[in-house]
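Understanding the architecture of this molecule
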Amino acid sequence: TLDALLRVLRERLLTSAVRLSKKEKYRAWRLAWYDNGLGRIYKRWMRKVLKGKTVEADRFNLQLTQAALKREMERLGQVQMLLLNRPAELSETLLLMASAPSPNQTSKKATVCMLDAAGAKVALQANYSSRGSVAASYGDDGLQKYAIEAHAWTGSARELV
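The rules behind the values
Residues numbered from 1 in each chain as written. Predicted model: local features only at pLDDT ≥ 70, side-chain atom pairs only at ≥ 80, totals over all residues. Heavy atoms only, no water. Patch = residues over 30% accessible without salt bridge, like charges linked within 9 Å, V, L, I, M, F, W, Y side chains within 5 Å. Areas by Shrake-Rupley, 256 points an atom, 1.4 Å probe, with all protein chains shown as cover. Salt bridge = Lys/Arg side-chain N within 4 Å of Asp/Glu carboxyl O. Lys, Arg positive; Asp, Glu negative; His and termini not counted. Charge placed at Lys NZ, Arg CZ, Asp CG, Glu CD. Helix = DSSP H or I, 4+ residues; strand = E, 2+ residues; numbered from the N terminus. Buried < 20%, exposed > 50% of the residue type's maximum accessible area, 1.4 Å probe, protein only.

1. Let's talk about a positive patch on the surface
A cluster of basic residues, Arg19, Lys23, Lys51 and Lys53, forms a positive patch at the surface. By secondary structure assignment, the location of Lys51 is in helix α2 (residues 40-51).

2. A short note on the pattern of salt bridges
The full count for this structure, using the stated rule, is 3 salt bridges. Across the pair Arg86 and Asp3 runs a salt bridge whose closest N-O atoms are separated by 2.9 Å. Pair noted here: Arg86 is in the loop between α3 (55-84) and α4 (92-99) and Asp3 is in helix α1 (residues 2-35), with a separation of 83 residues, a long-range link. A salt bridge links Glu74 to Arg71; the nearest nitrogen and oxygen atoms lie 3.9 Å apart. Here Arg71 and Glu74 lie together in helix α3, a separation of 3 residues that amounts to about one turn. When its relative accessible area of 41% is taken as the criterion, Glu74 is described as partly exposed.

See the structure below:
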C-alpha cells in the first residue's frame, strides 16, 4: 500500500540525511583544518600534489553536500506530513455498511471487497474513477467523507512517491 511505501521512503530518507549530515560535518572540519595553523600553505600544497584537489574544490563539494542535505530534509518533511495527515481508518460499522450491497447499486458501479479487519479496498470499474463519482457511489455521509479524504490522500501520496 502507499502507507507502507511512504514508511520505507521515510526510512531511506532518514538514512540518507544522516549520511549527508556526517559528510557535511567532515567536509566543514576538513576546510577548517586547511585554514588553521602555521602550515596551511604547506597543507594546501600537499593536498594539491597528492590528491590533485584544491581547497576551492573542497568548498564546492561542501556546498553541494549542504544543498543535497537541505533537499533531503525538505522531502523528509513532506513524507512525514503526508504520513501524519492520512485519513483515519474506516470504522468497523462503516466497513460492514460498505460491504453490504445497497438496493440502488448494480454490479457495474462500484464493488467493495474486504481485505482484512483493518481496512477495505474499493475496486472501481469503468467510469467511476473521479472524486465525485467515488463519493456518489456511497449513500452514507461517513463513507462519502472517507472516500473523498482517502482519494485526496492517495493522489498526494502518489505525487510524492
